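Breakdown of the fold
Each chain, letter by letter, is given below.
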Amino acid sequence: MPRRKFPNLSTRCSCQTLLRAVLMTGLLVGVVGCVNGKLPVYVFPLPQSFGGPPLLDEDIRNNLGRIGLVTGQAPPHIEAASPGIRIADIPPACRPWSTACLLLAIDQLYNSEYQARELSIFSDNTPQDHSQPPSEFMQVALAPLGMQATLRDHLEGEIRQQTDMAVVTLKEEGPKGKDDKPTFSHIRGKGLNTILEVNIQTLKMHPPLGFYQRKPWKSILPPGPARNVRVDVRTRVVDVDKGEELFFRKFSCFSPFRSRQEWGVTDAEPFLSSLNLCYQHLSKKIVEEIFLIYAFPKAGGQI
Amino acid sequence: MKNRKGKKEIIGSVLTAFLRPKKVVSLKSPVFFVPLVILLHTTSGCFFAHYYGLEPLYPPMPTSNAGRARAINSLTPTFSWKPWDPPQKLTHGTQEVTYDLLVLIEDKGWPGEVIYERKALSSPSHTIEVPLNPATTYYWSVRARFSLHGKTRVTHWSGQEAFLLSSHPSFLFKFKTPNDI
């Protein structure tokens, strides 16, 4: 009989062992819960974050002064099928940009890495040409949507409507890439005290994972494969004079799950309206969290 | 190599100590008690609906299975919620408390467009002025709005959460209108 590595470990399944296993799972789940507290905030109308960094202190809020609003200068990173369509292969209907081009872009979004991974399991015909970065076509195809600027406009409107803050839009300023974090030191002394920076980092389509596959959530899924639109936005508040980051939070906005066909109907109207709803919800949520929500400690259910 | 063996031994002895302890450990011991509390806390959302923000009175919140729509019997329901008393530390700076109400239509199991919104309601109830569609699921939420040292402040939108253990979204309160009146 081979020597066991851990002679004291038994394969017998007693109640005590089961109890210990359950308790170990509890501990693990608790740890996972804590880790998830650092995940992005799910956006209004999903109303509350699970933990995350604290809201701005009231003293800081009252001294934000004149605010400069900036957005990302680069288009968001788009997770799409890999390899994507090469620029040279863009169909004529796509030049100049048209609905046909948008539909093709939705195809690429829809068939993102998840689908590609599934395909590679079942088939050996996965194209291997990686010469073209997958997102290049997507950047071209989705550029007319002007995602960063549209979010900025929504946000500016929301700030003016909900607060009495003095806001100036700085169209030429902002992070140059997904992870760029400018300090805005070059605009020091130009009459702005604070910068509110929003940067759409990612646009992607997600398959239903985890609990969506179980009852009762499964009932909201259309038959067959489905994806939802997800927009991830990084928000920072920067003190221009001190060059200090006062607030940092990631917000994610989701749409309902739809099949590929549903996303494309009536000239991709569901796709466009989902993005539009995301801009509205994101701007509402960002303004609320930065300027309006009083940070009560979360204790039990009631405030 | 020697070091590696040492690590294995340590891991083995830790596993052995936990899974087959030589002494009987009491259930009151922190070894069991702490994970038990965490387990109950994290899974309680599966059995009991938690809410945060203002407590809804009508349409009521489901007592379990958060996310299930509560059936109501009117197309022009009167929403009501427990009034909010500002915490004592705020009362010196807080003046009048008003409420914001929000109703959203469901779109494929997901909160969609905001179809009804009222701000600064003076009482903790409001009858919807535009009839809702029959046999339709809606989401609603409410929050308190108050003035603190001359600045507008709000509470979080109220809602409920079904699970605390992972990155699941939390939910606005959900209700379904009757088929026919």
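Residues numbered from 1 in each chain as written. Chains lettered and ligands numbered in written order. Predicted model: local features only at pLDDT ≥ 70, side-chain atom pairs only at ≥ 80, totals over all residues.

A word on the overall build of chain B
For clarity, the threshold we go by: Only DSSP runs of H or I covering at least 4 residues are called helices, and only runs of E covering at least 2 are called strands; the numbering of each starts at the N terminus. The burial criterion counts other C-beta atoms lying within 10 Å of a residue's C-beta, which is placed from the backbone; the residue is buried at 20 or more, exposed at 12 or fewer, and partly exposed between these limits.
Within chain B, the secondary structure is distributed over 3 helices and 11 strands. When the helices and strands of chain B are placed in sequence order, the string is α-α-β-β-β-β-α-β-β-β-β-β-β-β. When the 181 residues of chain B are sorted by exposure, 29% land in the buried category.

A look at the domain arrangement of chain A
Residue and element names in this part refer to chain A. Inclusion rule: Start and end positions for the domains come from either an automated domain assignment or a database one. Two residues form a contact once the distance between their C-beta atoms, set from the backbone, is within 7 Å. The nonpolar class holds Ala, Val, Leu, Ile, Met, Phe, Trp, Tyr, Cys and Pro. Asp, Glu, Lys and Arg form the charged class, and all remaining residues, Gly among them, are polar.
According to the domain assignment, chain A consists of domain 1 (42-75 + 146-292) and domain 2 (80-145). At the junction of the two partners, domain 1 supplies 14 residues and domain 2 supplies 12 residues. Among the secondary structure elements, those contributing two or more residues to the side of domain 1 that touches domain 2 are β5 (194-206) and α7 (260-292). At 7 residues, the largest contribution of residues to the side of domain 1 that touches domain 2 is made by α7. Class assignment for the residues of the side of domain 1 that touches domain 2 results in 8 nonpolar, 2 polar and 4 charged.

Regarding the pairing of strand β7 (residues 244-254) of chain A
Heads up, the condition is: For two strands to be treated as a pair, DSSP must find no fewer than two bridges joining them.
Looking at chain direction, strand β6 (residues 228-239) of chain A and β7(A) are connected through 10 bridges and run antiparallel. Each bridged residue has a counterpart across the sheet, and for A:R234 the counterpart in β7(A) is A:K250.

Here we look at the packing of helix α6 (residues 147-162) of chain A against α7(A)
Residues and elements named next belong to chain A. The following threshold applies: A fitted line through C-alpha atoms serves as each axis, taken over the contacting stretch for helices, and the angle formed by two N-to-C directions is quoted from 0 to 180°. Note on terminology: angles under 35 degrees are roughly parallel, angles over 145 are roughly antiparallel, angles of 65 to 115 are roughly perpendicular, and the others are oblique. A clockwise turn of the near helix away from the far one marks a right-handed crossing, whereas an anticlockwise turn of less than a right angle marks a left-handed crossing.
Where α6 meets α7, the closest approach of the two axes is 9 Å, and the angle between their N-to-C directions is 45°. One finds that α6 runs oblique with respect to α7. Both α6 and α7 take part in a crossing whose hand is right-handed. On α7, the residues touching T150, L151, H154, L155, E158, I159 and Q162 of α6 are Y279, Q280, L282, S283, K284, I286, V287 and L292. Considered class by class, the residues forming the contact of α6 with α7 number 8 nonpolar, 5 polar and 2 charged.

Looking at the sheet that holds strand β2 (residues 56-58) of chain B
Residue and element names in this part refer to chain B. Spatial strand order, β2-β4-β7: 3 strands in an open sheet with antiparallel pairing. What marks the edges here is a single partner per strand, and that holds for β2 and β7 (125-127). When strand polarity is set aside, the average angle formed by the axes of neighbouring strands in this sheet is 20°.

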